[in-house]
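Structural overview
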Amino acid sequence: MTTTAAPGTATVPGVTIPGPATSYQGDIARYWDHEARPVNLRLGDVDGLYHHHYGIGEVDHGALAADSDAEREERIVAELHRLESAQTDVLLDHLGPIGAGDTLVDAGCGRGGSMVMAHQRFDCSVEGVTLSAKQAEFANQRARDLGIDHAVRARVANMLAMPVESGRAAASWNNESSMYVDLGDLFAEHARILAHGGRYVTITGCWNPVYGQPSKWVSQINAHFECNIHSRREYLRAMADNRLVPQTIIDLTPATLPYWELRATSSLTTGIEEAFISSYKDGSFQYLLIAADRI
Ligand code: SAH
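Bear in mind that the values here come from a model prediction, so they are computed numbers and not experimental data.

Here is what the cut-offs are and how they apply
Residues numbered from 1 in each chain as written. Predicted model: local features only at pLDDT ≥ 70, side-chain atom pairs only at ≥ 80, totals over all residues. Heavy atoms only, no water. Buried < 20%, exposed > 50% of the residue type's maximum accessible area, 1.4 Å probe, protein only. Helix = DSSP H or I, 4+ residues; strand = E, 2+ residues; numbered from the N terminus. Contact = heavy atoms within 4.5 Å. Phe/Tyr/Trp six-rings, centres within 6.5 Å; stacked < 30°, edge-to-face > 60°. Lys NZ or Arg CZ within 6 Å of the ring centre and 35° of its normal. Salt bridge = Lys/Arg side-chain N within 4 Å of Asp/Glu carboxyl O. Near = heavy atom within 4 Å. Polar contact = N/O pair within 3.5 Å; in protein donor to acceptor, adjacent residues only side chain to side chain. Areas by Shrake-Rupley, 256 points an atom, 1.4 Å probe, with all protein chains shown as cover. Nonpolar A, V, L, I, M, F, W, Y, C, P; charged D, E, K, R; others polar. 1 Å grid on protein atoms, 1.4 Å probe; cavity = no way out; pocket = protein on both sides within 12 Å on 5 of 7 lines; lining within 4 Å. Points joined across faces, edges and corners; volume = space filled by probe spheres on them. Pairing = 2+ DSSP bridges.

1. A word on helix H9 (residues 253-263)
Summarising burial for H9: eight of the eleven residues are buried, a large majority. Listed as buried for H9 are Thr253, Thr256, Leu257, Pro258, Tyr259, Trp260, Leu262 and Arg263. Buried-residue contacts for H9 involve helix H2 (38-44), helix H3 (69-93), strand S6 (244-251), helix H10 (273-282) and strand S7 (285-294).

2. Re the packing of aromatic side chains
This structure, assessed with the given rule, holds 14 aromatic pairs. Three or more aromatic residues joined by ring pairs form one cluster here, namely Tyr54, Phe225, Tyr259, Trp260, Phe276, Tyr280, Phe285 and Tyr287. Against the face of Phe138 rests Arg111, its NZ or CZ located 4.8 Å from the ring centre.

3. Points about the pattern of salt bridges
This model, assessed by the stated rule, comprises 13 salt bridges. Here Asp93 ties to Arg121 by a salt bridge, and the two come within 2.8 Å at their closest N and O atoms. Residue Asp93 is found in helix H3, and its partner Arg121 is found in helix H4 (residues 113-122); the two are separated by 28 residues along the sequence. Bridged by salt links that share partners, the residues Asp89, Asp93 and Arg121 form one connected network.

4. Digging into the site of the ligand
Near the ligand lie 21 residues; those nearest to it are His52, His53, Gly108, Gln135 and Asn175. His53 has a polar side-chain atom sitting 2.7 Å from an oxygen atom of the ligand. Here Met159 contributes a backbone N or O atom positioned 2.8 Å from a nitrogen atom of the ligand. Protein contact buries 99% of the 570 Å² of open area that the ligand shows by itself. Secondary-structure elements contributing two or more residues to the shell around the ligand are helix H1 (23-34) and strand S2 (125-130). In terms of residues, the shell around the ligand owes the most to one element, H1, which gives three residues. In terms of residue class, the shell around the ligand is built from nine nonpolar, eleven polar and one charged.

5. Some thoughts on the environment of Arg111
The topology assignment puts Arg111 in the loop between strand S1 (103-107) and H4. Judged by its relative accessible area of 12%, Arg111 falls in the buried class. As for Arg111 and Gly128, which are separated by 17 residues in sequence, their C-alpha atoms are 9.6 Å apart. Contacts of Arg111, omitting those with residues within four sequence positions, involve Glu35, Leu41, Tyr50, His52, Gln135, Phe138 and Ala139. Among the polar contacts made by the side chain of Arg111, one reaches the side chain of His52 at a distance of 2.9 Å.

6. What to know about empty space enclosed by the protein
The full count for this structure, using the stated rule, is three cavities of 30 Å³ or more. Its boundaries defined by the atoms lining it, the largest cavity holds a volume of some 360 Å³. Lining the largest cavity are 28 residues, and of these Gly108, Cys109, Gly110, Gln135 and Ser177 lie nearest its centre. Among the elements of the structure, H1, H4, S2 and strand S4 (169-175) are those that each provide at least two residues to the lining of the largest cavity. If one sorts the elements of the lining of the largest cavity by residue count, H1 sits on top with three residues. Class assignment of the residues belonging to the lining of the largest cavity gives a composition of eleven nonpolar, 14 polar and three charged. Taken as a whole, the second largest cavity encloses approximately 310 Å³ of empty space. What lines the second largest cavity is a set of 24 residues, among which His52, Tyr54, Glu176, Phe225 and Phe276 lie closest to the centre. Among the secondary structure elements, those contributing two or more residues to the lining of the second largest cavity are H1, H2, helix H7 (216-225), H10 and S7. Across the lining of the second largest cavity, the residue classes tally to 15 nonpolar, five polar and four charged.

7. Points about unusual backbone geometry
At Asp123, a residue that is not glycine, the phi angle is positive and equals roughly 60 degrees. Relative to the helices and strands, Asp123 is located in the loop between H4 and S2.

8. Some words on the pairing of S7
For S7, the buried fraction is high: nine of the ten residues fall into the buried class. Across nine bridges, strand S5 (residues 194-207) lies against S7 in antiparallel orientation. Across the sheet, the residue bridging to Gly205 is Tyr287, located in S7. Alignment of S6 against S7, held across seven bridges, turns out to be antiparallel. What sits directly across from Ile249, in S7, is Ile290.

9. Here we look at H4
Since there are 3.6 residues in each turn of an α-helix, residues three or four apart along the chain are aligned in direction. Buried residues dominate H4, accounting for eight of its ten residues. Listed in full, the buried residues belonging to H4 are Gly113, Ser114, Met115, Val116, Met117, Ala118, His119 and Phe122. Check the buried side of H4 and you find it contacts H3, S1, S2, helix H5 (133-146), strand S3 (152-156) and S4. Residue Asp123 follows H4 closely and has a positive phi angle near 60 degrees.

As structure tokens, then:
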């Protein structure tokens, strides 16, 4: 008899992992369990850091010069990956002073690229949660390969009920993962796990209340990723309601556009490039970093 594991449930002997809390979370677990887009995997293969987020910074056009189409493609892949790691570096820059004894929490950790970079920078422990058992297994295998599995661990868990003791985290973050949950619930949970004075950071796409309502492009992005993009206003309100006081807000929109424009010229397009580029340009969508103190 064959049995099909429920989405998001890992088959670790002796360990019971709760199933998804809602049908929606089951859908999201399934989505990420099956996600294997070349744009994510080929970029990760460059240096073993696997990201599921976008890039920031100027494109180094000199680095793209190539004699053949195949070579140019390879250079574009390396350049897009460099910009995605630069995005993580900016997130890590905002965590505040972190020491080797500290624990950080990556909420919605994907394949774990940001966790590895955080450990490499601070020599600290990093706990990640994802709904996808495939992603958690992948991240833990990478940690074993790098010999850092004593410090970097991904678990299948809901970021609205993280398996982390109250006040344990020196800092925590969502890197492009806050659009899958209610922000009030999410920030209440971060406030619970963070130490007093700890730092919370998110990098996220959000719709711009100055534009009015979510544009057709934002609706397309929601449908593409099965997510629910929140507005800038909702982020700030939900933080204020949950003891998270913004310390820095950076509009990364101008910094992410070159990444999208380069990506749109590659063969790794996924069809969503036009929606991102158009909405960043018409002002309906923004790429934001918010760093907040847990008071
Ligand atoms: N932060 C990672 C991955 C971003 S992709 C990176 O920067 O590479 C979005 C991630 O959010 C996926 O790993 C997905 O499993 C996770 N996610 C979405 N909803 C979640 C929830 N309720 N609990 C835990 N993880 C969740």
